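# Reading the structure
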Amino acid sequence: MTTITAATVTSTAKKVIPRWLGIGTKVTTNTIDEILNEAGLNWTISKRPLLTVNEIPEKTEKINPRVLGPNGTAKTDALKSRVQELVETNFNESHFGALNVEVANLISETKDEFIPLQEQYCIVRDDTKYVFTTVGKLYTCIQNEECLGVLSNLITDYGLKVECAGTFMNGAAVWVVAAMPETIMVNGESLSQYVRIMWAHDGTEKLTARFVYLDDQNHIISPKIRGAEEEISIRHTKSAHDRTEDAKKIIARQRKHAEKFVEFASKMGVEHCTTFREYMKEIFPNCDKIIVDEHGYSQEDSNKDRKTVDQLEVDFSKTKQNFWDAFLTVVDYADTQKSTRVHGKTEYTTASEEDQMRKENLLRNNLKSDGTSMKLKQRAWETLTKPIMA
């Protein structure tokens with residue numbers, strides 16, 4: 001295993017957190033078919049037509065008007081079984097002609113109770129029948145197998161090994177992390193290098209490759225750096241030549257990003273950070289804000305950012321107190337202590353189920369380009385590299 005070195009100062013070790021926050025499925029195979037099967041990604045999606053109710057909803061239904069859901073509506077018992085058969089059929093593009101005729105017949109049989117949506121379709125996960133989103137008629141479904149195509153070249157040509165894979169939001173977003181064969185040395189510590197592949201079936205995420213580093217506490221580090229791209233878009237292609245070129249581009253840009261990352265991080269490791277709290281004020285701008293209640297009384301203790309910065313100061317005091325340690329202190333908070341709400345109003349049957357969803361949301365915020373944890377780490381990176389790179 002090759003190691004790129006850059007000598008500096010070692011940070012005090014912190015508690016090790018589970019890799020990828022304990023989310024996802026560990027992968028031990030290296031072919032696309034085996035990865036799909038082992039990671040539970042061997043399912044497909046399809047684009048399906050939509051209907052809406054013909055009648056105007058009653059006043060009591062304004063908030064949640066009746067729609068054609070899994071159980072149909074009150075007046076459509078005859079239609080329910082027909083629609084269920086339709087739902088349980090796996091669709092592809094060739095079915096649309098016959099499918100639209102079938103939908104038209106169903107509507108006719110129910111005396112125009114439903115109206116077809118001519119310009120919109122829904123994207124459905126075929127094995128669970130979970131509806132991800134609605135799309136226009138020109139949208140083309142891209143399957144998980146196609147999205148993983150570029151990995152085949154990264155594995156065979158450059159020695160990457162898929163380590164973990166998983167989904168968010170019932171499969172609406174899919175992620176895979178593959179380890180590079182080389183490590184890098186930053187401030188006396190070996191960091192693992194990864195390429196994160198991510199895509200979404202609900203239109204929220206393009207197919208991208210992002211460059212990620214894990215330290216020996218498994219903190220997720222992936223900063224934007226001047227002069228080096230941290231993420232690139234990947235084309236949906238079945239061409240072997242295009243996949244080869246995409247793999248070359250990913251590796252070239254990853255190496256450039258790693259080189260810049262080592263350069264910046266190494267300089268951070270030799271500079272002593274004497275005004276930690278002042279930098280934290282830039283990262284947490286509300287930490288010194290005085291909160292006043294409705295009676296005009298100061299509520300300083302209720303300021304969450306103040307409490308956070310107070311704790312970060314304590315954590316930072318246990319390190320070598322350089323700029324790299326300051327950055328890792330914020331990263332540790334983002335990975336382990338930053339609370340993340342569970343989206344929606346789903347009622348969970350157990351506390352462990354809710355905790356699992358919180359961890360999934362936290363990992364998603366750490367892997368997505370616009371995730372809240374990713375943004376917090378980026379603010380910390382920009383704030384703490386500015387004084388040493390000036």
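Located above this text is the structure these notes cover.
Residues numbered from 1 in each chain as written. Predicted model: local features only at pLDDT ≥ 70, side-chain atom pairs only at ≥ 80, totals over all residues. Heavy atoms only, no water.

### Looking at the packing of aromatic side chains
Heads up, the condition is: Two aromatic rings from Phe, Tyr or Trp, using only the six-membered ring of Trp, form a pair when their centres are within 6.5 Å; if the ring planes differ by under 30 degrees the pair is stacked, by over 60 it is edge-to-face, and anything between is tilted. Helix and strand labels come from DSSP, where a helix needs a run of H or I of at least four residues and a strand needs a run of E of at least two; each type is numbered from the N terminus. A simple rule labels every residue: compare its accessible area, found with a 1.4 Å probe on the protein chains alone, to the largest value its type can have, and call it buried under 20%, exposed over 50%, or partly exposed in between. For a ring to carry a charge above it, either NZ of a lysine or CZ of an arginine must fall within 6 Å of the ring centroid while also lying within 35 degrees of the normal to the ring plane.
Throughout the structure, instances matching the rule amount to 13 aromatic pairs. Ring geometry for Phe276 against Phe316: centres 4.2 Å apart, planes inclined by 10 degrees, an arrangement best described as stacked. Of this pair, Phe276 sits in helix 7 (residues 276–283) while Phe316 sits in helix 8 (residues 304–316), and the two are 40 residues apart along the sequence. For the pair Phe284 and Tyr333, a centre-to-centre distance of 5.9 Å together with 75 degrees between the ring planes defines the contact as edge-to-face. Highlighted residues: Phe284 in the loop between helix 7 and helix 8 and Tyr333 in helix 9 (residues 323–337), separated in sequence by 49 residues. Here Phe284 and Tyr333 have matching classes, each one buried. Site record: aromatic cluster; members linked through ring pairs are Tyr213, Phe261, Phe264, Trp324, Phe327 and Trp381. Seen from the ring of Tyr121, Lys47 lies directly overhead, with NZ or CZ sitting 5.2 Å from the centre. We note Arg125 situated over the ring of Trp43; from NZ or CZ to the ring centre the distance is 4.1 Å.

### As for the side chain of Asp126
The cut-off we apply is this: Polar contact is the term for a pair of N or O atoms within 3.5 Å; when the atoms are in protein, one must be able to donate a hydrogen and the other to accept it, and sequence-neighboring residues count only if both atoms are side-chain atoms.
Looking at the element boundaries, Asp126 is found in the loop between strand 4 (114–125) and strand 5 (130–136). At 2.6 Å, the side chain of Asp126 and the side chain of Thr44 are in polar contact.

### Details of the packing of helix 6 (residues 240–270) against helix 11 (residues 372–389)
Here is the rule: Convention adopted: a line fitted to C-alpha atoms gives each axis, helices being fitted over their contacting stretch, and angles between N-to-C directions are expressed from 0 to 180 degrees. Angles below 35 degrees are treated as roughly parallel, those above 145 as roughly antiparallel, those between 65 and 115 as roughly perpendicular, and all remaining angles as oblique. Contacts are assigned to residue pairs that have any heavy atoms within 4.5 Å of one another. When residues are sorted by character, Ala, Val, Leu, Ile, Met, Phe, Trp, Tyr, Cys and Pro go into the nonpolar class, Asp, Glu, Lys and Arg into the charged class, and all the rest, Gly among them, into the polar class.
Viewed as axis vectors pointing N to C, helix 6 and helix 11 meet at an angle of 75 degrees, and their least axial separation amounts to 10 Å. It follows that helix 6 is roughly perpendicular to helix 11 by the angle criterion. Two secondary-structure elements touch here, helix 6 through Phe261, Glu263, Phe264, Ala265, Lys267 and Met268 and helix 11 through Trp381, Leu384, Thr385, Ile388 and Met389. Each residue belonging to the contact of helix 6 with helix 11 can be placed in one class, and the counts come to eight nonpolar, one polar and two charged.

### Observations regarding helix 9
The test is simple: To estimate the expected span of a helix, subtract one from its residue number and multiply by 1.5 Å.
With 15 residues, helix 9 should cover 21 Å at 1.5 Å per step; its first-to-last C-alpha distance of 20 Å lies within 8% of that length. Counting buried residues in helix 9 gives 13 out of 15 residues, a clear majority hidden from the surface. Where helix 9 begins, the capping side chain belongs to Asn322, and its oxygen is found 3.1 Å from the backbone nitrogen of Trp324.

### Considering helix 8
The end-to-end C-alpha distance of helix 8 is 18 Å, a good match for the 18 Å that 13 residues give at a rise of 1.5 Å each. For helix 8, the set of buried residues is Asp305, Arg306, Thr308, Val309, Leu312, Asp315 and Phe316. Those residues of helix 8 that are buried are in contact with helix 7 and helix 9.

### Side note on the pattern of salt bridges
Short version of the rule: Salt bridges are identified by distance alone: a Lys or Arg side-chain nitrogen within 4 Å of an Asp or Glu carboxyl oxygen.
By the definition in use, this model includes 17 salt bridges. When the shortest N-O distance is used, the salt bridge between Arg19 and Glu163 registers 3.1 Å. Here Arg19 is found in the loop between strand 1 (3–4) and strand 2 (25–26), whereas its partner Glu163 is found in strand 6 (residues 161–168), with 144 residues between them in sequence. Accessibility expressed as a relative area gives 34% for Arg19, which makes it partly exposed. Across the salt bridge formed by Lys368 and Glu205, the nearest N and O atoms sit 3.0 Å from each other. Note that Lys368 is positioned in the loop between helix 10 (351–367) and helix 11 and Glu205 in the loop between strand 8 (189–200) and strand 9 (208–214), a separation of 163 residues in sequence.

### Quick notes on the pairing of strand 8
Cut-off, in case you're wondering: Here the rule is simple: two strands pair whenever DSSP picks up at least two bridges between them.
Taken across its twelve residues, strand 8 has eleven buried, putting it largely inside the fold. Joining the antiparallel neighbours strand 7 (residues 173–186) and strand 8 is a turn of two residues, in which Asn187 adopts a positive phi near 55 degrees. Pairing between strand 8 and strand 9: seven bridges, direction antiparallel. Counted as the bridge partner of Ile197 is Ala209 from strand 9.

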